[in-house]
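Architecture and fold: a report
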Amino acid sequence: MNEYIAGLGILTIILIILIYFLPTIIAFYRGKSNWLAIMLLNIFLGWSFVGWIVALVWAASNDTQNQSVIINNSVS
């Protein structure tokens, strides 16, 4: 019985860690260009619910595309 409780405790700790690092995991598997910044935010501010939500939204958002600006300098 004690082994069952110890195993359940270990599984609970692993589940809590996975949930805590969910924004980092999502950013990494989505191939975000700034996944390292998301990880650092998650590590240092993830303990606050607001920091965790910000990291999660950032990880789930799309990367912005670079805009091309064409300048026509021809003289008529």
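Residues numbered from 1 in each chain as written. Predicted model: local features only at pLDDT ≥ 70, side-chain atom pairs only at ≥ 80, totals over all residues. Heavy atoms only, no water.

**Regarding the overall build of the protein**
Keep this limit in mind: Labels follow the DSSP assignment, with helices taken as runs of H or I lasting at least four residues and strands as runs of E lasting at least two, numbered in each case from the N terminus. It is over C-alpha atoms that the radius of gyration is taken, and the globule rule equals 2.2 Å times the number of residues to the power 0.38. Should any heavy atoms of two residues lie within 4.5 Å, those residues are counted as being in contact. Only the protein chains shown count as cover for residues, and the accessible areas themselves come from Shrake-Rupley with a 1.4 Å probe.
Looking only at helices and strands, one finds 4 helices and 0 strands in the protein. Along the protein, from the amino end to the carboxyl end, the secondary structure elements read α-α-α-α. Taking 11 Å as the expected radius of gyration for a compact globule of 76 residues, we find that the protein reaches 21 Å, considerably beyond that expectation. Seen along its three principal axes, the alpha-carbon backbone of the protein occupies a region of about 90 × 20 × 15 Å. At a minimum sequence separation of 6, the contacts of the protein that also span at least 24 residues come to 47%. Carbon and sulfur atoms provide 71% of the accessible area of the protein, an area that totals close to 6,400 Å².

**A closer look at the environment of Ile 26**
Counted only if it meets this: Buried, partly exposed and exposed residues are distinguished by accessible area as a fraction of the type maximum, computed with a 1.4 Å probe on protein chains only: under 20%, between the cut-offs, and over 50%, respectively.
With respect to the secondary-structure elements, Ile 26 resides in helix 2 (residues 22-29). Accessibility expressed as a relative area gives 25% for Ile 26, which makes it partly exposed. Note: C-alpha distance between Ile 26 and Ser 48 (22 residues apart in sequence) is 19 Å. For Ile 26, the residues in contact, after removing those within four places along its chain, are Leu 56 and Ala 59.

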